[in-house]
Amino acid sequence: MNQWYRRPVARVLIAVLLTTAGLIVLGGGLLALMEGAEQAGRRLTHLSPGWVALAVLVWSASLPIQGLRWRALLPGAQRPPVARLAWVIFGANALTLALPGPVGEFAAAWYLRHRYGVPMVTALAATLLARAVALLVFGLATLALWPFVAASLPADLVRLVTPVAVLTGVVTLPILGLCYRPAAMVGWVGGLLGRVLPARFAGRVAGRVDWWVRCFTAVGAIRGHRWFQAAGLSFVNLCLLTVSTLCSLHAAGIVCDPLATLFVQALTAVASVAGVLVPGGFGAVELLLVALFPTFAEGTTADAVFAAITLRWVHLLTLLAGVPAMAWLVATLPGEPEALEPVFAERLREELA
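Residues numbered from 1 in each chain as written. Predicted model: local features only at pLDDT ≥ 70, side-chain atom pairs only at ≥ 80, totals over all residues. Heavy atoms only, no water.

Overview of the nonpolar core
Basically, it comes down to this: In these notes, a set of buried Ala, Val, Leu, Ile, Met, Phe, Trp, Tyr and Cys residues joined through side-chain atoms within 4.5 Å is what counts as a nonpolar core. Any residue under 20% of the maximum accessible area for its type is buried, any over 50% is exposed, and the rest in between are partly exposed; the area is computed with a 1.4 Å probe on protein chains only. Here a helix means four or more residues in a row that DSSP labels H or I, a strand means two or more in a row labelled E, and each is numbered from the N terminus. Should any heavy atoms of two residues lie within 4.5 Å, those residues are considered in contact.
W70, L73, L112, F138, W146, F263 and F296 are the most contacted members of the largest nonpolar core, which has 91 residues in total. Of all the elements, helix 6 (residues 120-150) adds the most residues to this core, at 15 residues. Among all residues touching F263, those that are not within four sequence positions of it are T142, L145, W146, V149, V161 and A165.

See below:
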């Protein structure tokens, strides 16, 4: 029997449809309770499709920047073209929606190994380091921007948000150690966990830590200018995502402050890590955006809910636009995507042997 619904493209479409249905039922129902069904329906009909399309386009433009950031942390002799990397990232993002877990990252690493001879362990370690640099930049941006944003906010709101902003920035600072000496930093954290965890868990942690240490060692030394390049690209990426958010809010008819929106974009980018266990991150970022809405936009709680719904739709449309790239990426893999984790794990063991 041809189980079409198990194929990656079908999975993405189903995920988008289910998430959209969830937005309509939960978000629309909440809006209807807050301001009535008629007003809630009027919001949807007044949503500007042109500005939504522009938001999707700008969000998609951040993918080549992510490709450049990834490329900056790959060894000098193993740096694929930026356009191809952007296409790989586009496909991997959509594949992650279809198959939650590390399959998207594994597929991107496999393609670089298959097409350009980049070892999978090197590609995966560079991917993790690129994301770590991005989180560090987002955290530092949160700390740097908050004093300027807070200056124009009511004192009671400043007292509520300041601990969140400071904590969000501070928790990213240990990433500096990861960037400076990734293998040593991972080994130190693993040793610390080994001392505080029960013995039955310590062995598992030690094996995982050893795996990551060997991955980072495979990357080799990265020159200082590469780190600064990756950091600068991360900030450009943050700015593009902020412009996309501004377009989305304009589509919803919501007035917001650009600098404060940049602050909230940085903060939610860090905080969204807590929602990685939820497929697509559904719910975690939306709740945070509603809570922080008074810091960057004017309007009611209903406006905040509609803003969160609009931003999620833009994100879903961006992932949906990546389906052609995902289909291309899947065609390069050595088997069915949902059954590839053991294959990828074996390749990694071979490279680390």
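There is more to say after this.
With respect to the packing of aromatic side chains
Basically, it comes down to this: Two rings from Phe, Tyr or Trp (for Trp, the six-membered ring) form a pair when their centres are within 6.5 Å of each other. A pair whose planes differ by under 30 degrees is stacked, one over 60 is edge-to-face, and the rest are tilted. For a lysine, the NZ atom is tested; for an arginine, the CZ atom; a charge sits over a ring if that atom is within 6 Å of the ring centre and within 35 degrees of the ring normal.
Enumeration over the complete set of coordinates arrives at five aromatic pairs. Plain terms: the ring middles of Y111 and Y116 are 6.3 Å apart, the flat faces sit at 75° to each other, and that makes the pair edge-to-face. Here Y111 falls in the buried class, since its relative accessible area comes to 3%. Since its relative accessible area comes to 26%, Y116 is described here as partly exposed. Through pairs of rings, three or more aromatic residues link up here, namely Y111, Y116 and W328. Taking the ring centre of Y116 as reference, the NZ or CZ of R115 above it sits at 4.9 Å.

Points about the pattern of salt bridges
Here the idea is simple: oppositely charged side chains can pair when their charged atoms come close. The cut-off we apply is this: For salt bridges, the criterion is a side-chain nitrogen of Lys or Arg within 4 Å of an Asp or Glu carboxyl oxygen.
Considering all chains together, one arrives at four salt bridges under this definition. Taking the shortest distance from any N to any O, the salt bridge between R42 and E38 comes out at 3.0 Å. With a gap of four residues between them, R42 and E38 both fall in helix 2 (residues 37-45), about one helical turn apart. Its relative accessible area of 32% is what places R42 among the partly exposed residues. Between E105 and R131 there is a salt bridge, with its nearest N and O atoms 2.9 Å apart. Of this pair, E105 sits in helix 5 (residues 103-116) while R131 sits in helix 6; the two residues are 26 residues apart in sequence, bridging distant segments of the chain. Where salt bridges share partners, they join E35, R43 and D303 into one cluster.

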